[in-house]
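# Fold and geometry: a report
Below are the chains, spelled out letter by letter.
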Amino acid sequence: MSSALTDLCRYPIVQAPMAGGASCPQLAAAVCEAGGLGFLAAGYKTADGMYEEVKQLRGLTGQPFGINLFMPQTQSADRAAVEVYRNQLAGEATWYETPLGDPEAGRDDGYEAKLAILLDDPVPVVSFTFGCPSRSTLDAFARAGTYTVVTVTTPEEAQAAQWSGADAVCVQGIEAGGHQGTHRDDPGTDGAGIGLLSLVTQVKEAVQLPIVAAGGLMRGGQIAAVLAAGADAAQLGTAFLVCPESGANVVHKQAMTNPLFVRTELTRAFSGRPARGLVNRFMREHGRYAPAAYPEVHHLTSGLRKAAARVGDPQGMALWAGQGHRMARELPAGQLVEVLETELEATRASLAGSAS
């Protein structure tokens, strides 16, 4: 690991920031205390809500931690396409007895207010998804002593992050659960993402920045593989989603290993942006009709997803999951960090023995 990342955590294990409630202070604290790097997710929260979670986390651990921000969306959505999709979802609103949301509820996720708070009261690490901040923003965080990470899905995005002054990149392979962190949402490239091992190697040759590898990682042996490919640390989301400290809905947790859900797919059905989740009824019925319209579709379906969760119906929820979801282990987060580290070291020892 590079020296800056080494200073942040004892093990090269990062808990992914999962927006929507999973990455709560209790989960992040358990990971930090066990020697990994825990993360909070500011996405979909108000600036005040984000700060309350930061204060809670500081009360639970004195170890370094990170927080993830969503970049504001500047691409304009086709309002006519959104309206057609609204009509498509009318039956869902009737079924769950809840109104559809307002697609014009906001596009910036409170970004500027969150920046102001994090620059006024700095945290150790801030990462960014759905784009790259300006050089002035990254420079401001550098002056505040905050380590910055930009999520990338191509070597070109990694180069943009390096040029803008990021300290590291989180390289996200197509295997990853949840939203693909592409800087530009281009429907023409849906499903054309790069696998993690290949992407880590390409990014390693394109930039001179530390790499955090993310996408479908569930075992210590996989962590060893991405480290061997050139990453400095591994980021895991789905692996931590089922931990008891995770704030994910219990129905979501149970679905990870439920034999009813056999595979994942990328879909725009729930948010208007490509995101990987377990294939369920909602995805099958609406995925092909969903427009490229984030966050409009996210706002539109928000009430439906919450209503499905309230009645315990996994067929109407966004069950975000990486390709390795069937390997999820319901261990306490701290114990999972220790198990992953043990597996990592065992793999390294085995490879060293084979080489000798």
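Residues numbered from 1 in each chain as written. Predicted model: local features only at pLDDT ≥ 70, side-chain atom pairs only at ≥ 80, totals over all residues. Heavy atoms only, no water.

### A word on the overall build of the protein chain
What counts here: Strands here mean DSSP runs of E at least two residues long; helices mean DSSP runs of H or I at least four residues long; both are numbered from the N terminus. Radius of gyration here uses only the C-alpha atoms, and the compact-globule reference equals 2.2 Å multiplied by the residue count raised to the power 0.38. Throughout, exposure labels follow a simple rule: accessible area from a 1.4 Å probe, protein chains only, divided by the maximum for the residue type, with under 20% read as buried, over 50% as exposed, and the rest as partly exposed. Any two residues whose heavy atoms approach within 4.5 Å at even a single point are treated as in contact. Accessible surface is estimated by sampling points in the Shrake-Rupley manner with a 1.4 Å probe; for residues, cover comes only from the protein chains shown.
From N to C terminus, the protein chain includes 15 helices and eleven strands. Taken over the C-alpha trace, the protein chain has a radius of gyration of 19 Å; the compact-globule value for 356 residues is 21 Å, and the two agree within 12%. The principal-axis extents of the C-alpha atoms in the protein chain amount to approximately 65 × 45 × 40 Å. Taking all 356 residues of the protein chain together, 57% fall into the buried category. In the protein chain, the proportion of contacts linking residues at least 24 apart, taken out of those at least 6 apart, comes to 69%. A total accessible area of about 14,400 Å² is found for the protein chain, and carbon and sulfur atoms account for 51% of it.

### A word on the sheet that holds strand S10 (residues 264-267)
Basically, it comes down to this: Being paired, for any two strands, means DSSP has found at least two bridges between them.
Strand order in this open sheet of three strands is S7-S11-S10, and the pairing throughout is antiparallel. The open sheet has two edge strands with one neighbour each: strand S7 (178-179) and S10. With two bridges joining them, S7 and strand S11 (residues 275-278) adopt antiparallel strand pairing. What sits directly across from Gly-178, in S11, is Arg-276.

### So, the packing of helix H6 (residues 111-120) against helix H7 (residues 135-144)
Using the following cut-off: Only the stretch in contact is used when a helix axis is fitted, and all axes are lines through C-alpha atoms; the angle between N-to-C directions ranges over 0 to 180 degrees. An angle counts as roughly parallel when it lies under 35 degrees, as roughly antiparallel when it exceeds 145, as roughly perpendicular when it falls between 65 and 115, and as oblique in every other case. Under the convention adopted here, Pro, Cys and the residues Ala, Val, Leu, Ile, Met, Phe, Trp and Tyr are nonpolar, Asp, Glu, Lys and Arg are charged, and Gly plus all remaining residues are polar.
H7 packs onto H6 with a crossing angle of 25 degrees between their chain directions and a minimal axis gap of 10 Å. Relative to H7, H6 is oriented roughly parallel. For the pair H6 and H7, contact is made by Tyr-111, Leu-115, Leu-118 and Leu-119 and by Thr-137, Ala-140, Phe-141 and Ala-144, respectively. Residue classes in the contact of H6 with H7 are distributed as seven nonpolar, one polar and no charged.

### Focus on the pairing of strand S6 (residues 168-172)
Selection rule: Handedness of a crossover is defined as follows: with both strands directed away from the viewer, a clockwise route from the first strand across the helix to the second makes it right-handed.
For S6, the tally of buried residues reaches five of five residues, placing the bulk of the element in the interior. A two-sided burial pattern is seen for S6, the buried positions comprising Ala-168, Cys-170 and Gln-172 on one face and Val-169 and Val-171 on the other. Where the polypeptide runs from strand S5 (residues 147-152) across helix H8 (residues 155-164) and back to S6, its parallel neighbour, the crossover connection is right-handed.

### Let's talk about the packing of aromatic side chains
Here is the rule: The criterion for an aromatic pair is that two Phe, Tyr or Trp rings (for Trp, the six-membered ring) have centres within 6.5 Å, with stacked assigned to planes under 30 degrees apart, edge-to-face to planes over 60 apart and tilted to the rest. Criterion for a charge above a ring: Arg CZ or Lys NZ at most 6 Å from the ring centre, at most 35 degrees from the ring normal.
Within this structure, the stated rule accounts for six aromatic pairs. Ring centres of Phe-70 and Phe-130 lie 4.8 Å apart, and the angle between their planes is 45 degrees; on these two criteria the pair is classed as tilted. Highlighted residues: Phe-70 in strand S3 (residues 65-70) and Phe-130 in the loop between strand S4 (125-129) and H7, separated in sequence by 60 residues. Comparing Phe-70 with Phe-130, the two get one shared label, buried. The positively charged end of Arg-10 is found above the aromatic ring belonging to Tyr-11, 4.9 Å away from the centroid. The side chain of Arg-135 reaches across the aromatic face of Trp-163, ending 5.3 Å from its centre.

### Points about the pattern of salt bridges
The criterion, for reference: For salt bridges, the criterion is a side-chain nitrogen of Lys or Arg within 4 Å of an Asp or Glu carboxyl oxygen.
Under the defined criterion, the tally for this structure stands at 15 salt bridges. Its salt-bridge partner being Lys-45, residue Glu-53 comes within 3.8 Å of it at the nearest N-O pair. We note a salt bridge from Lys-114 to Asp-109, for which the minimum N-O separation is 3.0 Å. Given the relative accessible area of 1%, Lys-114 is considered buried. Residue class for Asp-109 comes out partly exposed when judged on its relative accessible area of 21%. One continuous salt-bridge network, built from bridges that share partners, spans Glu-92, Arg-281 and Glu-285.

### Some words on the nonpolar core
The criterion, for reference: By nonpolar core is meant a set of buried Ala, Val, Leu, Ile, Met, Phe, Trp, Tyr and Cys residues that side-chain atoms within 4.5 Å join together.
In this structure, Ile-67, Leu-69, Phe-128, Val-169, Val-171, Leu-236 and Phe-240 are the most contacted members of the largest nonpolar core, which totals 102 residues. Each residue touching Leu-236, except ones within four places of it in the same chain, is listed here: Ile-13, Val-14, Gln-15, Ala-16, Leu-217, Met-218, Ile-223 and Leu-340. The next biggest cluster of nonpolar side chains, apart from the first, holds 14 residues, and it includes Leu-8, Cys-9, Leu-37 and Ala-214.

### Some points on helix H3 (residues 47-60)
Under the convention used in this document: What a helix should span is 1.5 Å times the count of its residues minus one. As used here, the arc is the angular range of directions from the helix axis to the C-beta atoms.
Between its terminal C-alpha atoms H3 stretches 20 Å, which fits the 20 Å expected from 14 residues at 1.5 Å a residue. The complete set of buried residues in H3 reads Ala-47, Met-50, Glu-53, Val-54 and Leu-57. Mapping the buried residues of H3 onto a view down its axis gives an arc of 125 degrees, with all of them on the same face. Structural note: H3 exposes Asp-48 and Gly-59 on the side pointing more than 90 degrees away from its buried face. Here the buried face of H3 lies against helix H2 (25-34), strand S2 (38-41), S3 and H6.

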